[in-house]
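Structure at a glance
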Amino acid sequence: MTQTSETAAVVEPPASGPKPTRTRVHRAWFVAAVTFVTIIGAAAFRSVPGLFIDPLHEEFGWSRGTIGAAVSVNLALYGLTAPFAAALMDRYGIRKVVAVALSVIALGSGLTVWMTAPWQLLLCWGLLVGLGSGSMALAFAATVTNRWFTERRGLVTGILTAASASGQLIFLPLLSWIVSRYEWRPAAVTVALAALAVVPFVWLLLHDHPADVGVKPYGAKEFVPKPEPVPGAARRALTVLFSAVRTGPFWLLAGTFAICGASTNGLIQTHFVPASHDHGMPITTAASLLAVIGVFDVVGTVASGWFTDRFDARRLLAVYYALRGISLLFLPILLAPSVHPPMLFFIVFYGLDWVATVPPTLALCREHYGEDSPIVFGWVLASHQVGAAVVAFIGGVARDRFGSYDVVWIASGALCAAAALMALVIRRRPAPLATAVA
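Here goes a summary of the coordinates provided. (Residues numbered from 1 in each chain as written. Predicted model: local features only at pLDDT ≥ 70, side-chain atom pairs only at ≥ 80, totals over all residues. Heavy atoms only, no water.)

**Digging into the overall build of the protein chain**
Within the protein chain one finds 19 helices and 0 strands. By the burial criterion, 55% of the 438 residues in the protein chain qualify as buried. Across the protein chain, every contact between residues at least 6 apart in sequence was considered, and the portion connecting residues at least 24 apart equals 84%. Entry remark: accessible area of the protein chain is about 18600 Å², with carbon and sulfur atoms responsible for 68%. (Helix = DSSP H or I, 4+ residues; strand = E, 2+ residues; numbered from the N terminus. Buried < 20%, exposed > 50% of the residue type's maximum accessible area, 1.4 Å probe, protein only. Contact = heavy atoms within 4.5 Å. Areas by Shrake-Rupley, 256 points an atom, 1.4 Å probe, with all protein chains shown as cover.)

Here's what the structure looks like:
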């Protein structure tokens, strides 16, 4: 009897092992949470450019155009690296690529504290941080979303996109306070430490594929086996590009997203703080306003993901770009030494629209390019960053030449109007054609 009861006691754990309660929260949400935290940690560097322009100009005497050139290289590499990073994630896995990228960001930011010449700024801040951050670009979020989710993709895209804004919300006030009290070098070290702090979380908790932990993607009806590593990451990225450039939607998506980058990362993120400082506003106040943009960016991007699951992505893009362009036209008359209600309205409005364009753009990439959509989106993101790079440089040159940023605000508003029209031209992929091909 005793042996029987002991045997029963031994047998019971396997019987109670496969309880459904263990999978009440799908593993995909934990992966999304780690991805969210990772992007927040990597977002520290994106808070730096606007804060460093005036301090570097004052300490070294470098022109704003020279500093803008380094920002331009950073932004361009951020975009141009993204499609190759997406292909590398297919080849070597998400975890390895992201861990190396964070380490490169930390190296580049840390080395800036010893720079004394513009070429060193281009090397550290432009090349190293640009390459590292490019591997942490939105193609990372797209890869995680495509692998781990078949439902709620728009919502998850919005949440992960908002992570960058959340990082800006956390780091902008901190870094602006450090710059104002201790100058810019401790702020650069803070960025390096923030990137390094996330590496252990990535290495221990970020799984490459649902099959690695024996689960189905969220919302999937069937188990999806992990695909074999894809060799020739660079070749695949270029092959996908050459295929995509033969289609009209790619050029329209790339064009609209280039304008998106020009009017956000290249314009507001890089030049809003120095432009506000030109009008007598303290740097810490201007940086706090930029951080408030980050607060509403989170709300706007998550809401945009929810809208994208329910409404026509093309019309959403048209509305977003049109509203952004109108708001930019009013900015030159809103800048002042202190914060006033119309400026707060602009900050809230612009924050809601900041990267609300990402979920519908990614949805259109999925619609037209299927399994290749993360790499295609990487190339579309490259155009976003090229647009940002051009305006980051031109904005600095315009400030040196005209003594203000007014012409840049107005030109960017006109570009947003053009983007709204381009979004409406994108055609939906006909469902019967896909069925016929199948």
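Past the structure itself, the notes keep going.
**Quick word on the state of the cysteines**
All chains considered together, the criterion is met by 0 disulfides. A disulfide-free cysteine, C260 has its sulfur positioned 8.1 Å from the sulfur of C416, the nearest such atom. On the basis of relative accessibility, which here comes to 0%, the residue C260 falls in the buried class. (Disulfide = S-S within 2.5 Å.)

**Focus: the packing of helix α14 (residues 313-334) against helix α18 (residues 406-425)**
Running from amino to carboxyl end, α14 crosses α18 at an angle of 165 degrees, the nearest separation of the two axes being 8 Å. Relative to α18, the element α14 is oriented roughly antiparallel. For the pair α14 and α18, the sense of crossing is left-handed. Residue-level inspection shows R314, R315, L317, A318, Y321, A322, R324, G325, L328, L329, L331 and P332 of α14 in contact with α18, the latter providing D406, W409, I410, S412, G413, C416, A419, A420, A423 and L424. In terms of residue class, the contact of α14 with α18 is made up of 15 nonpolar, 3 polar and 4 charged. (Axes fitted to C-alpha atoms, helices over the stretch in contact; angles between N-to-C directions. Parallel < 35°, antiparallel > 145°, perpendicular 65-115°, else oblique. Left-handed = near helix turned anticlockwise from the far one by under 90°. Nonpolar A, V, L, I, M, F, W, Y, C, P; charged D, E, K, R; others polar.)

**Examining the packing of aromatic side chains**
All chains considered together, the criterion is met by 15 aromatic pairs. Between F52 and W125, the aromatic rings sit 5.6 Å apart at their centres with planes inclined by 65 degrees, giving edge-to-face as the arrangement. Separated by 73 residues along the polypeptide, F52 in helix α3 (residues 49-60) and W125 in helix α6 (residues 118-134) bring together distant segments of the chain. Accessibility classification places F52 together with W125 in one group, the buried group. Summarising the aromatic geometry, the rings of F60 and W62 are spaced 4.3 Å apart at their centres and angled 10 degrees between planes, so their arrangement reads as stacked. Residue W62 is classed as buried on the basis of its relative accessible area of 8%. (Phe/Tyr/Trp six-rings, centres within 6.5 Å; stacked < 30°, edge-to-face > 60°.)

**Describing a nonpolar patch on the surface**
Nonpolar side chains collect at one region of the surface, where V319, L323, I326, L329, F330, I333 and I410 lie side by side and expose about 670 Å² of accessible area between them. It is α14 that contributes the most residues to the nonpolar patch, 6 residues altogether. Structurally, L329 is set in helix α14. Residue classification places L329 among the partly exposed positions, given a relative accessible area of 45%. (Patch = residues over 30% accessible without salt bridge, like charges linked within 9 Å, V, L, I, M, F, W, Y side chains within 5 Å. Salt bridge = Lys/Arg side-chain N within 4 Å of Asp/Glu carboxyl O.)

**Focus: the pattern of salt bridges**
Opposite charge on two side chains allows them to pair when their charged atoms are near. For the structure shown, the criterion picks out 4 salt bridges. When the shortest N-O distance is used, the salt bridge between D312 and R314 registers 2.6 Å. There is no split in this pair, since D312 and R314 are both buried. Put simply, R324 and D353 hold a salt bridge, and the shortest N to O gap is 4.0 Å. Remark: D353 occurs in helix α15 (residues 341-353) and R324 occurs in helix α14; sequence separation between them is 29 residues. Judged by relative accessible area, which is 0%, R324 ranks as buried.

**Thoughts on the side chain of N146**
Locating N146 in the fold gives a position in helix α7 (residues 138-148). Relative accessible area serves as the criterion here: at 18%, N146 is assigned to the buried category. A distance of 3.0 Å separates the side chain of N146 from the side chain of R366, its partner in a polar contact. For N146, the residues in contact, after removing those within four places along its chain, are R153, R366, S373 and P374. (Polar contact = N/O pair within 3.5 Å; in protein donor to acceptor, adjacent residues only side chain to side chain.)

**Observations regarding helix α13 (residues 283-308)**
Its 26 residues give α13 an end-to-end C-alpha distance of 36 Å, which sits within 8% of 38 Å, the value for a rise of 1.5 Å per residue. The largest bend in α13 comes to about 25 degrees, at F296. (Expected span 1.5 Å × (residues − 1). Bend = angle between axes of the 7 residues up to and from the residue.)

**A closer look at the side chain of S383**
With respect to the secondary-structure elements, S383 resides in helix α17 (residues 373-402). A relative accessible area of 14% places S383 in the buried class. Looking at S383, its side chain comes within polar contact range of the main-chain oxygen of V380, at 2.5 Å. Look past the residues within four positions of S383 in its chain and what remains in contact with it is A254, F257 and A258.

**Thoughts on unusual backbone geometry**
One non-glycine residue with positive phi stands out, namely E183, at about 75 degrees. Mapped onto the elements, E183 comes out in the loop between α8 (153-182) and α9 (184-205).

**With respect to the environment of F140**
Take F140: it is sitting in helix α7. By relative accessible area, which is 1% here, F140 ends up buried. Sequence spacing of F140 and G378 is 238 residues, and the spatial spacing of their C-alpha atoms is 8.9 Å. Leaving out residues up to four positions away in the same chain, F140 has contacts with T35, T38, I39, M89, I94, V98, S135 and L206.

**Topic: helix α11 (residues 248-263)**
Helix length check: α11 (16 residues) gives 23 Å between terminal C-alpha atoms against 22 Å at 1.5 Å per residue, within 8%. When you tally the buried positions in α11, you get 14 out of 16 residues, the bulk of the element.

**Quick look at the packing of α11 against α18**
α18 packs onto α11 with a crossing angle of 155 degrees between their chain directions and a minimal axis gap of 9 Å. Considered as vectors, α11 and α18 are oriented roughly antiparallel to each other. Two packed elements cross with a definite hand, and for α11 against α18 that hand is left-handed. In this structure, α11 uses L252, G255, T256, I259 and S263 to contact α18, whose residues at the interface are L415, C416, A419, M422, A423 and V425. Tallied by class, the residues present in the contact of α11 with α18 amount to 8 nonpolar, 3 polar and no charged.

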